[in-house]
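Descriptive analysis of the structure
Here is what each chain is made of, one letter per residue.
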Amino acid sequence: MSNTIEELEKQFQEKIDNEIKIEPKDWMPDDYRKNLIRQMSQHAHSEVIGMQPEGNWITRAPSLRAKKILLAKIQDEAGHGLYLYSAAETLGVSRDQFIQWLHEGKAKYSSIFNYPTLNWADMGAIGWLVDGAAIVNQVSLQKTSYGPYARAMVRICKEESFHQRQGFEIMAKMMAGTKEQQQMAQDALNRFWWPSLMMFGPHDSDSSRSSLALKWKIKRETNDTLRKRFIDKTIPQAEFIGLKVPDPDAVLQPDGSYKTGPIDWDEFWNVVKGNGPCNKQRLDHHKRAHDNGKWVREACIAFSEKQDKRKVIAN
Ligand code: FAQ
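The notes below deal with the structure included here. Quantities reported herein were computed from a predicted structural model and do not represent experimental measurements. (Residues numbered from 1 in each chain as written. Predicted model: local features only at pLDDT ≥ 70, side-chain atom pairs only at ≥ 80, totals over all residues. Heavy atoms only, no water.)

1. A few points about the site of the ligand
Taken together, 36 residues lie around the ligand, and Lys108, Ser207, Arg209, Lys219 and Asn223 are the ones closest in. Contacts to the ligand include Met198, whose backbone N or O atom sits 3.3 Å from a nitrogen atom. Asn223 is positioned with one of its side-chain polar atoms (N or O) 2.8 Å from an oxygen atom of the ligand. Expressed as a share of its isolated accessible area of 1,100 Å², the protein-covered part of the ligand is 91%. Where the shell around the ligand is concerned, the elements lending two or more residues are α2 (30-49), α4 (64-89), α6 (121-141), α7 (147-175) and α11 (265-275). Taken together, the residues that form the shell around the ligand break down as 13 nonpolar, 13 polar and ten charged. (Near = heavy atom within 4 Å. Polar contact = N/O pair within 3.5 Å; in protein donor to acceptor, adjacent residues only side chain to side chain. Areas by Shrake-Rupley, 256 points an atom, 1.4 Å probe, with all protein chains shown as cover. Helix = DSSP H or I, 4+ residues; strand = E, 2+ residues; numbered from the N terminus. Nonpolar A, V, L, I, M, F, W, Y, C, P; charged D, E, K, R; others polar.)

2. Structural notes on the layout of surface pockets
Put simply, the second largest pocket is a space of about 440 Å³. Around the second largest pocket sit 15 residues that line it, and Val48, Met51, Ile99, His286 and His290 are the ones nearest its centre. Broken down by secondary-structure element, the contributors of at least two residues to the lining of the second largest pocket are α2, α3 (51-55), α4, α5 (95-103) and α12 (279-292). The greatest single-element share of the lining of the second largest pocket, amounting to four residues, is contributed by α12. (1 Å grid on protein atoms, 1.4 Å probe; cavity = no way out; pocket = protein on both sides within 12 Å on 5 of 7 lines; lining within 4 Å. Points joined across faces, edges and corners; volume = space filled by probe spheres on them.)

3. A few points about empty space enclosed by the protein
Over the atoms, a rolling probe the size of a water molecule traces out where space has been left empty. For the structure on display, the rule yields one cavity of 30 Å³ or more. Computed from the structure, the largest cavity encloses a volume of approximately 40 Å³. Contributing to the lining of the largest cavity are Ile16, Glu19, Ile20, Lys21, Lys143, Thr144, Ser145, Lys217 and Arg220. Across the lining of the largest cavity, the residue classes tally to two nonpolar, two polar and five charged.

4. Regarding the packing of aromatic side chains
The final tally for this structure, using the stated rule, is ten aromatic pairs. Relative to Phe230, the ring of Trp193 has its centre 6.1 Å away and its plane inclined at 25°; by these criteria the two rings are stacked. Separated by 37 residues along the polypeptide, Trp193 in helix α8 (residues 179-198) and Phe230 in helix α10 (residues 223-240) bring together distant segments of the chain. Owing to a relative accessible area of 0%, Trp193 belongs among the buried residues under this scheme. (Phe/Tyr/Trp six-rings, centres within 6.5 Å; stacked < 30°, edge-to-face > 60°. Buried < 20%, exposed > 50% of the residue type's maximum accessible area, 1.4 Å probe, protein only.)

5. A word on the pattern of salt bridges
Side chains that differ in sign of charge can pair as their charged atoms come close. A full pass over the atoms with the stated rule returns 18 salt bridges. Each of Glu54, Lys73, Glu77 and Asp131 takes part in a single network of salt bridges with overlapping partners. (Salt bridge = Lys/Arg side-chain N within 4 Å of Asp/Glu carboxyl O.)

6. Some thoughts on the packing of α6 against α10
It is at 10 Å that the axes of α6 and α10 come closest, and there the two elements cross at 140°. As far as their axial angle goes, α10 and α6 are oblique. Where α6 crosses over α10, the two elements pack in a sense that is right-handed. Only Leu226, Arg229, Phe230, Lys233, Thr234, Gln237 and Ala238 of α10 make contact with α6, whose side of the interface consists of Trp128, Leu129, Gly132, Ala133, Val136, Asn137 and Ser140. (Axes fitted to C-alpha atoms, helices over the stretch in contact; angles between N-to-C directions. Parallel < 35°, antiparallel > 145°, perpendicular 65-115°, else oblique. Left-handed = near helix turned anticlockwise from the far one by under 90°. Contact = heavy atoms within 4.5 Å.)

7. Digging into unusual backbone geometry
One non-glycine residue, Glu19, lies in the positive phi region at around 60°. Checked against the element boundaries, Glu19 lands in the loop between α1 (5-17) and α2.

8. Describing the environment of Gln182
Take Gln182: it is sitting in helix α8. Taking the relative accessible area as the measure of exposure, Gln182 reaches 24% and is therefore partly exposed. C-alpha separation for the pair Gln182 and Gly242, spaced 60 residues apart in sequence, amounts to 8.9 Å. If we skip the residues at most four places from it in the chain, Gln182 touches Met174, Met175 and Gly177. Separated by 3.0 Å, the side chain of Gln182 and the backbone oxygen of Met175 make a polar contact.

9. A word on the nonpolar core
Grouped together as the largest cluster of nonpolar side chains are 49 residues, with contacts concentrated most on Trp120, Trp193 and Leu243. For this core, the elements supplying multiple residues, two or more each, are α4, α6, α7, α8, α10 and α11. When residues of this core are assigned to their parent elements, the largest contribution, nine residues, is made by α6. In this structure Trp120 touches Trp57, Ala61, Pro62, Ala66, Leu70, Ile170, Met174 and Met184, once residues within four positions along its chain are discounted. (Core = buried A, V, L, I, M, F, W, Y, C linked by side-chain atoms within 4.5 Å.)

Written as structure tokens, this is what we have:
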């Protein structure tokens with residue numbers, strides 16, 4: 001006798017409550033699948049669009065060493081996008097569909113990548129702050145309830161922590177340099193601090209997706225909890241190399257954590273709605289690259305079909 005929806009939902013929630021991973025062929029509620037498709041594809045798009053602000057600086061890196069490291073880092077981000085698209089495809093949506101939703105503006109990517117990178121210090125700020133924020137979020141997501149997403153996160157976190165350190169190294173080097181280099185580092189922190197805090201999403205009270213995502217353990221911790229963890233880790237790092245976060249209200253409390261000032265949520269929603277400084281540029285660039293890569297995709301498919309035919313003949 002087949003199970004009723006209520007029974008299936010109950011069994012599903014029991015698995016989640018008992019920390020048993022949900023795998024692609026398992027039964028899952030439609031809304032669980034939809035929420036995962038949305039979050040995982042947005043996460044994948046963020047990794048890929050996130051290559052653009054840094055890609056802009058490969059040809060202008062100040063040394064061969066810096067160029068090699070930046071190239072490797074950006075290549076890693078492409079890999080993260082690929083793991084995440086593959087993991088998201090296990091939910092029954094094709095890669096082409098994900099890209100189409102991105103191009104039509106139906107899928108989002110992280111707000112942070114709509115800010116421009118003006119000079120080399122911004123490479124330091126992105127690695128240190130943006131990858132630093134991404135890690136805090138992704139370490140938590142290693143325990144997400146969907147198996148393929150959790151496993152992708154484990155690998156991504158290992159690489160992301162190297163990225164964070166390379167960014168901090170750039171900032172530390174600049175702070176040990178000339179007055180002008182120190183000013184550039186401080187200016188980069190001033191511009192990227194608040195957008196990095198916005199990466200964690202709206203306050204918990206305004207986070208429409210959180211309650212179901214937490215019940216289903218897609219998200220393991222709230223936006224504000226993760227944001228606070230990032231703030232408490234990062235302010236001492238800034239101070240250690242002589243930088244100051246651009247928040248006049250930031251105060252160290254007796255328990256070792258920081259009280260901070262208000263985030264400009266109007267700016268956040270404006271960027272999320274497509275009106276940030278680089279939204280149009282980022283999406284146009286992605287569309288152009290996708291169109292230019294059409295012949296490569298076609299050639300790959302033609303090659304794999306040819307290989308398949310050869311196998312059939314050989315057998
Ligand atoms: N930007 O209800 P919530 C990286 C949207 S990876 C744009 O709180 P949720 C690596 C949200 O989609 C960075 N939109 O939503 C790297 C929702 O809209 P919707 C990416 C945002 O999903 C480094 C609405 O606001 N990481 O950086 C943002 O429960 C360097 C309401 O929000 C991930 O994607 C935002 N910041 O929580 C690469 C991690 N925040 O869809 C290159 C996985 C919120 O209903 C270089 N994602 N929104 O229309 C998550 O953990 C969650 O999706 C959150 C948002 C925490 C981002």
